[in-house]
Amino acid sequence: MAIPKPERRLVLCADDYGMSAAVSEAVLRLVRERNHPDHTEARGLGATSVMVLSPRWHEDARPLSELRGMLDVGLHLDWTSEFALAAGHGLGLGAAMRRALFSGFDQAAARIVIERQLDAFEAAWAAPPDHIDGHQHVQQFAGIRQALVEVVARRYGARAPWVRVSRPQARLDVKGQVIAALGANALTSAAARAGLPVSHTLSGIYGFESQPGAYARHMAQWLAQAPDGALLMCHPATKAEAGDEIGPARVREFEFLAGPAFAEQLQASGVRLVRGSGLYGVRPGA
């Protein structure tokens, strides 16, 4: 008789909430249509990360608040989007990566930016974030990661939100290698010294390619290979917005995550989708 494989727990996190109406609507629909109404377990999204510099954030916080308790809602720290550029502290991704690699961001300036984004999150959400991560993984860039750990430890103490570490699985492609090299180990070490909870392995990394069925094949591989406790990021949207270079990929992700094939893959893989706050640390306010 075959011995059943141990169940693995994964956190499916939708990034970029508030970026556009299409992104926010996709997240809301995935939560409403997939998650259990008793709030104890996620069948779909277990977390979403919010872009508070977007002018949509205060408006989009209202419908998200109706789902409070069904998923973790966190801050998507932003240094590289058009919103960050408009706010005066932003850089293009290439420039931000070069700064992180060669000189590091000024920590005092980074602390101010982080505090402002946390203030903007809490002003609309009326509660601290459940977690903190970063748009294009800036949360672990040199200078930003040190400031982040300091701010979170001081601001939240023993009730600190969990912090995403962008550490892909051991078998890495070039994109995964670059993401990890930008500070995964350093952020983990700094958070451990400060007593902050962090996520585990990061999954969901791919090249946003457009070949038919590519995302379904990627998902099957991620579900098969991700270890217990991994965070699987996604970027859904109900339609492609002008100027969004990964807009078509966002639509493909949403259509797959909302469809029956994803549910079938979950059942076949032995994966249970959960909230990060129940896996990585105590949820603020719990």
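Summary of the structure given here. Residue indices follow the written sequence of each chain, beginning from 1 at its first position. Local features in this predicted model are restricted to residues of pLDDT 70 or higher, and side-chain atom pairs are both shown and tallied only at a pLDDT of 80 or more, whereas totals for entire chains, interfaces and linings draw on every residue. Side-chain descriptors were evaluated using all non-hydrogen atoms of the structure, hydrogens and water having been removed beforehand.

**Digging into the packing of helix H5 (residues 107-125) against helix H6 (residues 144-156)**
- To define axes, lines are fitted to C-alpha atoms, for helices over the stretch in contact only, and angles between the resulting N-to-C directions are given on a 0 to 180 degree scale. Runs of H or I in DSSP of at least four residues are treated as helices and runs of E of at least two as strands, each being numbered from the N terminus. Running from N to C, H5 and H6 cross one another at 50°; their axes reach a closest spacing of 9 Å. Compared by their axis directions, H5 and H6 come out oblique. Regarding H5 and H6, the two cross each other, and that crossing is right-handed. Of H6, the residues touching H5 (which contributes Gln107, Ala110, Arg111, Ile114, Glu115, Leu118, Asp119 and Glu122) are Ile144, Gln146, Ala147, Leu148, Glu150, Val151, Arg154, Arg155 and Tyr156.
- Following the grouping adopted for this structure description, the nonpolar residues are Ala, Val, Leu, Ile, Met, Phe, Trp, Tyr, Cys and Pro, the charged ones are Asp, Glu, Lys and Arg, and the polar ones are all others, Gly among them. The residue inventory of the contact of H5 with H6, partitioned by class, reads eight nonpolar, two polar and seven charged. Small angles under 35 degrees read as roughly parallel and large ones over 145 as roughly antiparallel, with 65 to 115 read as roughly perpendicular and the rest as oblique. For any pair of crossing helices, the crossing counts as left-handed if the nearer helix is rotated counterclockwise from the farther one by less than a right angle, and right-handed if it is rotated clockwise. Residues are treated as being in contact if the distance between any of their heavy atoms lies within 4.5 Å.

**As for the pairing of strand S1 (residues 8-17)**
- Accessibility here uses a 1.4 Å probe with only protein chains present; expressed as a share of the type maximum, an area under 20% marks a residue as buried, one over 50% as exposed, and anything in between as partly exposed. In terms of burial, S1 is largely enclosed, as nine of its 10 residues are buried.
- Criterion used throughout: strands pair if DSSP finds at least two bridges between them. Across three bridges, S1 lies against strand S9 (residues 271-273) in parallel orientation. Looking across to S9, one finds that Arg9 is bridged to Arg272.
- Pairing between S1 and strand S8 (residues 230-234): five bridges, direction parallel. Paired with Ala14 across the two strands is Cys234, which belongs to S8.
- Across three bridges, S1 lies against strand S2 (residues 47-50) in parallel orientation. Looking at the pairing, Ala14 lines up with Thr48 of S2.

**Considering the pattern of salt bridges**
- By convention in these notes, a salt bridge is any Lys or Arg side-chain nitrogen within 4 Å of a carboxyl oxygen on Asp or Glu. Summed over the entire model, instances satisfying the criterion amount to 15 salt bridges.
- One salt bridge connects Arg111 with Glu150, and the closest N-O pair in it is separated by 3.2 Å. You can see Arg111 sitting in helix H5 and its partner Glu150 sitting in helix H6, a full 39 residues away along the chain.
- Between Arg154 and Glu115 there is a salt bridge; the shortest N-O distance is 2.9 Å. You can see Arg154 sitting in helix H6 and its partner Glu115 sitting in helix H5, a full 39 residues away along the chain.

**Quick word on the side chain of Glu253**
- Along the chain, the position of Glu253 falls in helix H10 (residues 247-257).
- Polar contacts involving the side chain of Glu253 include one to the main-chain amide nitrogen of His235, which spans 2.6 Å.
- Those residues in contact with Glu253, other than ones at most four positions away along the chain, are Tyr206, Phe208, Tyr215, Cys234, His235 and Pro236. Pairing of N or O atoms within 3.5 Å defines a polar contact, subject to two protein rules: one partner must be a possible hydrogen donor and the other a possible acceptor, and residues neighboring in sequence count only if both atoms are side-chain atoms.

**Considering the nonpolar core**
- By size, the foremost hydrophobic cluster in this structure holds 69 residues, and its most contacted members are Leu45, Trp57, Trp79, Ile114, Met219, Leu257 and Phe262.
- In terms of residues, this core owes the most to one element, H6, which gives seven residues. Put simply, a nonpolar core is a bunch of buried Ala, Val, Leu, Ile, Met, Phe, Trp, Tyr and Cys residues held in one set by side-chain atoms that sit within 4.5 Å of each other.

**Focus on the side chain of Thr80**
- Looking at the secondary structure, you find Thr80 in the loop between strand S3 (72-77) and helix H3 (82-87).
- In this structure the side chain of Thr80 is engaged in a polar contact, spanning 2.6 Å, whose partner is the side chain of Gln136.
- Those residues in contact with Thr80 that lie beyond four places of it in its chain are Leu91, Leu93, Ala96, His135, Gln136 and Val138.

**Focus on the pairing of strand S4 (residues 131-134)**
- Burial along S4 is two-sided: the residues His131 and Asp133 and Ile132 and Gly134 are all buried.
- Where S3 and S4 come together, three bridges link them in parallel fashion. Paired with His76 across the bridge in S4 is Asp133.
- Pairing between S4 and strand S5 (residues 162-163): two bridges, direction parallel. Note that in S5 the partner of Ile132 across the bridge is Val163.
- Crossover S4 to S5 through H6 is right-handed. Here a crossover is taken to be right-handed if, once the strands point away from the viewer, the path from the first strand over the helix to the second is traced clockwise.

**So, the packing of aromatic side chains**
- For this analysis, a ring pair means two rings from Phe, Tyr or Trp (six-membered ring only for Trp) whose centres lie within 6.5 Å, classed as stacked if their planes differ by under 30 degrees, edge-to-face if by over 60, and tilted for the remaining angles. Applying the stated criterion to the full structure yields 10 aromatic pairs.
- Measuring from ring centre to ring centre gives 4.7 Å for Tyr206 and Phe208, while their planes differ by 55°; the resulting arrangement is tilted.
- Look at Tyr206 and you get buried, because its relative accessible area is 7%.
- Judged by centre distance (5.7 Å) and plane angle (75°), the rings of Tyr215 and Trp222 are edge-to-face. With respect to burial, Tyr215 and Trp222 carry one shared label: buried.
- Through successive ring pairs, a cluster of aromatic residues spans Tyr206, Phe208, Tyr215, Trp222, Phe256 and Phe262.
- Lying across the ring of Trp125, Arg68 places its NZ or CZ 4.0 Å from the centre.
- Comment: the charge-over-ring label is applied if NZ (Lys) or CZ (Arg) is within 6 Å of the ring centre and within 35 degrees of the ring normal. A cation over an aromatic ring shows up here: Arg99 above the ring of Phe105, its NZ or CZ 5.3 Å from the ring centre.

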